[in-house]
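# Report on the structure
Take a look at the letters that make up each chain.
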Amino acid sequence: MKYTLLNSFTVLKLWLFVNLLGVVFLECPLGWHHYDNSCYLFSTDRYNWLDAESSCRAHDARLAEVVSKNQSDYLMNMAITVGKDESYWLGGRDDVIEGTWIWASTDKVFTYTDWYPGQPNNYNNNEDCLHMYASFNMKWNDFSCAGLNGFVCEKRYPRTTNEPEIIG
């Protein structure tokens, strides 16, 4: 009887551990911020665009891709909160066809933009990457991909799958 009770107790502890662990993994990772269907990491580490993209991929994410005004407003406000004097890379580029801005992870042309007036301007024919520019109050600016900026990674929010939400 003692052997059976011990096994039942062990099984119960294991079941609780697995279920509680599952709930933890249904949230954004520590240090990431949840908005809509995504988790965002605002990094003030200063990398060039390619290294920033690689850093996001190492986190199973991508540089953020903005598709709406609400999302843009959220990212701008968070960027100002996290590091108001820091500019942040986003996932856009126009190095394939100058003037045709696409998202790096999908190669899809932008359907929403938030450029600062007069941008993009491809200054010195050398600005092919997108960032939220601190000097322009986090409005979009094209910038040399070799420049050093903070960056915003984006990954899918785990609860956006078809799994039911666990409450309580």
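Throughout what follows, the structure given in this document is the object of discussion. Predicted model only: the values in this text are computed from it and were never measured.

Criteria and cut-off values
Residues numbered from 1 in each chain as written. Predicted model: local features only at pLDDT ≥ 70, side-chain atom pairs only at ≥ 80, totals over all residues. Heavy atoms only, no water. Buried < 20%, exposed > 50% of the residue type's maximum accessible area, 1.4 Å probe, protein only. Helix = DSSP H or I, 4+ residues; strand = E, 2+ residues; numbered from the N terminus. Pairing = 2+ DSSP bridges. Contact = heavy atoms within 4.5 Å.

A few words now on the pairing of strand E4 (residues 88-93). Most of E4 sits inside the fold, with six of its six residues counted as buried. Taking every second residue as pointing to the same face, both faces of E4 are buried, with Tyr 88, Leu 90 and Gly 92 on one and Trp 89, Gly 91 and Arg 93 on the other. As judged from the three bridges shared by E4 and strand E6 (residues 129-133), these two strands associate in the antiparallel manner. Counterpart to Arg 93 in the pairing with E6 is Cys 129. The pairing of E4 with strand E8 (residues 149-156) spans two bridges and is classified as parallel. Among the inter-strand pairings, Trp 89 is bridged to a residue of E8, identified as Phe 151. Where E4 lies against strand E5 (residues 102-103), two bridges are found, and the strand directions are antiparallel. Note on E5: the bridge partner recorded for Gly 92 is Trp 103.

Looking now at the environment of Ala 64. Position of Ala 64 among the secondary structure elements: in the loop between strand E3 (62-63) and helix H3 (69-83). Among all residues touching Ala 64, those that are not within four sequence positions of it are Tyr 40, Leu 75, Leu 90, Gly 91, Trp 103, Val 152, Cys 153 and Glu 154.

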